[in-house]
Amino acid sequence: MKKILIIQNKRIGDVLISSVIANNFKAKYPDSEVHFLAYDFTHGVIINNPNIDKIISINDKELKKLPVLLKLIRQIRKEKYDIIFDPYSKTQSRLICKFSGAKQTIGHKSRKKFGNWGYYTHPVEISKEKTKNCGKAIEDRIHLLNQAGNFDPVNYEPKIFLSEAEKKENWLGKYATKKVIVLGVLGSTPQKSMPYEYVAQMCDFIAEHYDVNLLFNYAPHQKEEAMKIYEMCKKKENIILDIYAPSIRDFIKLMHQCDALVANEGGTVHIAKALNKPTFTIFSPYVNKDHWASFEDGKFHHSVHLLEMKPDLFDSFTFEERKKIEANPDELYKQLTPELIVPELDKFLKNNL
């Protein structure tokens, strides 16, 4: 029996898409034991996944303390893993791999010239561009998986597993009489968030042209900012404010009962896709769409990116240039105006409502 560990210390979307490693490994080796190491706030997307036998919980801030990291490395060594997959491939996880005692450690080579110090038995080059509709981020994880054998046919689609009891929970109540669009009004970070007045204009467009309810979604610490957007909206009567999912798992159960998601790019988009819900994604100017736009067909899953609409604004779109844009995306974000977004949004809604 093979015993494996997947390390993904990052945000919700990263954890969800890294679960494709577990899904495909279990499909080939059903008797294997699969563990998944992830930050505590991300567990909602992998709970109940039958392909993950154990979730190892860590705290983001605590892991930055050297004694905590050393304790975790000792814990990993005791598990005697056969294979460790490291999609995260950062200093913490590389050190875990180097001192894990695992027979096979698989992760991405560092972009830095002198950054590959024998952390992995199988270092893998990060792909320069995507070749499949699943997006480069998922492809990169499957490249790691394939270092451990031939896993054809590969299932590239992340999945979320709800229990029957979770599916029966009534989240929408009186609002279930109309279709409900979940509106991600803020990105997971300020750099991923559209200008507030643009979001309000999009809300007003949907409310004026479609007989639906709009459910505002945001992180708990973003409530004050979300209310600023609400106050800017002219058509408030169809906006739902009295339903809120306090946890990731609660959001999953809520999204399961709704009809579509319109949001800034982030973890909620990956959740909606894993639940097979239509998605309309607005990409921040610094995000490489090829990396994170998964399974898009222009109808069921559709998105907009400033680079596609105004390609002359970008002198280059290398990793280094994207980092510069990320530091100050506001000026470019302002050029992704509602006049550019709304026609694409309208086509998406017509296809899916």
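All values derive from a computational prediction rather than experimental measurement. (Residues numbered from 1 in each chain as written. Predicted model: local features only at pLDDT ≥ 70, side-chain atom pairs only at ≥ 80, totals over all residues. Heavy atoms only, no water.)

Asks: Explanation requested: the pairing of strand β11 (residues 279-282) in the structure shown.
Replies: Each regular strand carries side chains that alternate between the two faces of the sheet. Residues T279 and T281 line one face of β11 and the alternating positions F280 and I282 line the opposite face, and both faces are buried. The pairing of strand β10 (residues 260-264) with β11 spans four bridges and is classified as parallel. Of the residues in β11, the one forming a bridge with N264 is I282. The parallel pair β10 and β11 is bridged by helix α10 (residues 267-274), and the resulting crossover is right-handed. Judged from the four bridges that link them, β11 and strand β12 (residues 301-304) form a sheet pairing that is parallel. Following the sheet pairing, T279 is matched in β12 by H301. (Buried < 20%, exposed > 50% of the residue type's maximum accessible area, 1.4 Å probe, protein only. Helix = DSSP H or I, 4+ residues; strand = E, 2+ residues; numbered from the N terminus. Pairing = 2+ DSSP bridges. Right-handed = clockwise from strand over helix to strand, strands pointing away.)

Asks: How should the nonpolar core be read in this particular structure?
Replies: As a rule of thumb, nonpolar side chains are buried together in soluble globular proteins. Counting residues in each nonpolar core, the largest one holds 53 residues, and the members touching the most others are F85 and I271. At eight residues, the largest contribution of residues to this core is made by helix α1 (residues 12-28). The contact partners of I271, leaving out residues within four places of it in the chain, are I12, L16, V45, I160, I248, F251 and I252. Counting 36 residues, the second-largest nonpolar core is a separate cluster that includes M194, C233, I282 and Y333. (Core = buried A, V, L, I, M, F, W, Y, C linked by side-chain atoms within 4.5 Å. Contact = heavy atoms within 4.5 Å.)

Asks: Can you walk me through the packing of aromatic side chains in this structure?
Replies: Think of a pair of aromatic rings as described by two things: how far the centres are apart, and how the planes are tilted against each other in angle. In this structure the tally under the stated criterion is eight aromatic pairs. The interplanar angle of 70° and the centroid separation of 6.1 Å between the aromatic rings of F25 and F85 together place this pair among those described as edge-to-face. Remark: F85 occurs in strand β4 (residues 83-86) and F25 occurs in helix α1; sequence separation between them is 60 residues. In textbook terms, an aromatic cluster arises when at least three aromatic residues are bridged by ring pairs, as seen for F25, Y29, F85 and F151. (Phe/Tyr/Trp six-rings, centres within 6.5 Å; stacked < 30°, edge-to-face > 60°.)

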